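# Notes for the structure review
Read off the chains here:
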Amino acid sequence: MEATLMRFDWAAPGNPYGACHCIDVPFLFGTHGAAPGAACLAGAPEGLPEITDLRRVRAQFLHGERPVVDTPLLTAF
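First things first, this report covers the structure right here in the doc.

On to the packing of aromatic side chains, then. In total, this model carries 2 aromatic pairs according to the counting rule given. Ring geometry for F8 against F27: centres 5.2 Å apart, planes inclined by 50°, an arrangement best described as tilted. Pair noted here: F8 is in the segment before helix 1 (25-29) and F27 is in helix 1, with a separation of 19 residues, a long-range link. According to the relative accessible area criterion, F27 is buried, its value standing at 3%. Considering the side-chain rings of W10 and F27, the 4.9 Å spacing of their centres and the 65° angle between planes classify their relative orientation as edge-to-face. Taken together, the residues W10 in the segment before helix 1 and F27 in helix 1 connect sequence positions 17 residues apart. Taken together, the ring pairs connect F8, W10 and F27 into an aromatic cluster.

Once that is clear, we can look at the side chain of H32. By the secondary structure assignment, H32 is in the loop between helix 1 and helix 2 (52-62). Reaching out from H32, the side chain makes a polar contact with the backbone oxygen of P26 at a distance of 3.5 Å. Leaving out residues up to four positions away in the same chain, H32 has contacts with P26, F27, L41, L48, P49 and E50.

Here we take up unusual backbone geometry. With a phi close to 75°, C22 is a non-glycine residue in the positive phi region. Summarising the element assignment, C22 is placed in the segment before helix 1.

Procedures and definitions
Residues numbered from 1 in each chain as written. Predicted model: local features only at pLDDT ≥ 70, side-chain atom pairs only at ≥ 80, totals over all residues. Heavy atoms only, no water. Phe/Tyr/Trp six-rings, centres within 6.5 Å; stacked < 30°, edge-to-face > 60°. Helix = DSSP H or I, 4+ residues; strand = E, 2+ residues; numbered from the N terminus. Buried < 20%, exposed > 50% of the residue type's maximum accessible area, 1.4 Å probe, protein only. Polar contact = N/O pair within 3.5 Å; in protein donor to acceptor, adjacent residues only side chain to side chain. Contact = heavy atoms within 4.5 Å.

See the structure below:
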């Protein structure tokens, strides 16, 4: 039996919520500016990147493939 674990623990500097639930969504879709009042992004610097590798890894998982982590922004456990 195989298992896949994903952990996304980025947090905006000084944000009291830290790496809260769904913080990965703006990075996955590049939608940081869509909710300017989002408390989880308070304190985040302008111009946060969309992490296309995150999208690729999730797509591999959803298609029943073993995710290939080969980028410095993501770490395989």
